[in-house]
Amino acid sequence: MRIYSRSEHCISRSQISDNALKVLQRLKKAGFEAYLVGGCVRDLLLGREPKDFDVATNASPEQVKQVFRNCRIIGRRFRLAHVFFGKEIIEVATFRGSAEDDADRQLVHEDGRVLRDNVFGTLEEDVWRRDFTVNALYYNIRDFSVVDYTGGMQDHADAVLRLLGDPERRYREDPVRMLRAVRFAVKLGFKLHPETERPIFALADSLGSIPAARLYDEVLKLFLAGYGVQTFELLRHYGLFAILFPETDACLETQEHEFPRLFLIRALENSDTRFAAGKTLTPYFLLAALLWEPLQCAVQRLLQRGENETIAYQSAANEVLAKQVKIIAMPRHITQAMRDVWFMQAKLTRTVGSRPYRLLEQPKFRAAYDFLQLRAETGGADPGLVDWWTRFQSADDEEQRKMTAPPKNGAPKPRTKNRRYRGKPKTGGAPT
Ligand code: ATP
Ligand code: MG
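Residues numbered from 1 in each chain as written. Chains lettered and ligands numbered in written order. Predicted model: local features only at pLDDT ≥ 70, side-chain atom pairs only at ≥ 80, totals over all residues. Heavy atoms only, no water.

**Q** What is the right way to read the pattern of salt bridges from this model?
**A** Charged atoms that come close allow side chains of opposite charge to pair. With the rule as written, the count across this model stands at 23 salt bridges. Here Glu247 ties to Lys323 by a salt bridge, and the two come within 3.5 Å at their closest N and O atoms. Of the two residues, Glu247 is situated in helix 13 (residues 246–254) and Lys323 in helix 17 (residues 309–327); the sequence distance between them amounts to 76 residues. According to the relative accessible area criterion, Glu247 is partly exposed, its value standing at 29%. The partly exposed category is assigned to Lys323, whose relative accessible area is 42%. Put simply, Arg401 and Glu398 hold a salt bridge, and the shortest N to O gap is 3.0 Å. (Salt bridge = Lys/Arg side-chain N within 4 Å of Asp/Glu carboxyl O. Helix = DSSP H or I, 4+ residues; strand = E, 2+ residues; numbered from the N terminus. Buried < 20%, exposed > 50% of the residue type's maximum accessible area, 1.4 Å probe, protein only.)

Below, the structure is given as structure tokens:
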């Protein structure tokens, strides 16, 4: 164990949220040990602003509750105390021990997954329950030092992500650690230690045992944190993407052309750019993009069987979503919004009469228009159609009337089919 004194590290109290400091100080005053731990220490050492602040203490959740009025005990798998300050929540976890004989408090599935872990212990024991060495650093409020049992400070300096203990066993205990490895590697720009990396390829399948609700939370963290493109590439590299989105992965594997991949990358880039600009990200938009290709395959199959377009889209959406929610529990309001965006793709091709006006009124119009634009940018839709809608939105009444009028010569205005639009050939096109 090594202690880095205040002068040997760069964390200053001015970077720590006032509410987290309050929690640490109050616990200290009540006679308990209190540390900042986990991602916040890791991020502070990088000079980044932490997403949230986690506290570890030797006080039990009940004792924490006695110290704070604004406190609630949560969790079954891991019991924790949440201390509320308006919108900010400080998570206070009691040190975990390892009493493997205490079946009431600790429960391990036959596949090695830890299902319950409520044995309390000391800091020294708590350290080894954490995932990565850089996540196992403790900032002590008593003397502002950093306590390091695992070599986390050195790994941090070397930009290495190293799982504690035997990697294979740790992934079996909790397969989500594989997703966390990818997420942190991308976010921090760290490399996975070779031994941390090696088992992932073979163990990717075990992610399938994780409850769908937990995977939903993890998927949002993976894709909506500003590093979607790199995360997607790395998940594919390790075979993890195929477990999360099997239908999408199958499409990416079998497509001979680059369109589906390009579209996905564009959608992820777009959301990364929005994130960087501080704009809000809605999960449904990206999820709609992630499942667009499987939807298209199902739609085409139904159309070939002679279904009409509306029915084909509806049945295909039911089919694709029913399979996906078994793996990733997307809430109903999210799947409904995904359907809206999908179904509007077909409706956006109708630019005559009163329909365009009605579409403009729909709550998901803007998302559907953005979605169409991404498709057009990657050869999946007619760019002329995007232009039409761009003009229509800013046109005055008179202009809009002209735009939606049926063609004068009586011939029906050609309707842009919502079939695969594959853009113009890039090379070797016929001379004009
Ligand atoms: P961030 O909050 O930036 O996403 P984090 O490292 O703080 O990253 P949390 O999910 O907030 O991640 O977890 C806080 C800490 O709890 C981690 O740093 C780690 O020490 C521990 N931890 C979280 N999940 C696991 C896990 N599945 N296995 C082992 N330890 C974990
Ligand atoms: Mg955290």
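**Q** What is the right way to read the site of ligand 1 from this model?
**A** Residues in close proximity to ligand 1 total 17 residues, the closest being Lys51, Asp174, Arg177, Arg180 and Arg183. In the environment of ligand 1, an oxygen atom lies 3.1 Å from a nitrogen or oxygen atom belonging to the backbone of Asn135. Within the complex, 84% of the 580 Å² of free accessible area of ligand 1 lies under protein. With respect to the detected pockets, ligand 1 is housed in the largest pocket. Listing elements by their share of the shell around ligand 1, those giving two or more residues are helix 2 (39–45) and helix 7 (176–188). Looking at the shell around ligand 1 element by element, the count peaks at five residues for helix 7. (Near = heavy atom within 4 Å. Polar contact = N/O pair within 3.5 Å; in protein donor to acceptor, adjacent residues only side chain to side chain. Areas by Shrake-Rupley, 256 points an atom, 1.4 Å probe, with all protein chains shown as cover. 1 Å grid on protein atoms, 1.4 Å probe; cavity = no way out; pocket = protein on both sides within 12 Å on 5 of 7 lines; lining within 4 Å. Sits in = over half its atoms within 2 Å of the grid points.)

**Q** When you look at the nonpolar core in this model, what are you seeing that I'm missing?
**A** One broad trend across soluble globular proteins is that nonpolar side chains are buried collectively. Residues Phe223, Leu240, Leu244, Phe245, Met338 and Trp342 are the most contacted members of the largest nonpolar core, which totals 72 residues. In this view, Phe245 contacts Val219, Phe223, Leu287, Leu290, Leu291, Gln324 and Ile328; residues no more than four positions away in its chain are not counted. Core analysis: the second largest hydrophobic core is formed by 33 residues, Leu27, Ala59, Ala81 and Phe144 among them. (Core = buried A, V, L, I, M, F, W, Y, C linked by side-chain atoms within 4.5 Å. Contact = heavy atoms within 4.5 Å.)

**Q** Looking at this structure, how should I read the environment of Gly208?
**A** By secondary structure assignment, the location of Gly208 is in the loop between helix 9 (200–203) and helix 10 (212–223). Judged by its relative accessible area of 58%, Gly208 falls in the exposed class. Separated by 28 residues in sequence, Gly208 and Arg236 have C-alpha atoms that sit 16 Å apart.

This is a description of form; function is not addressed.
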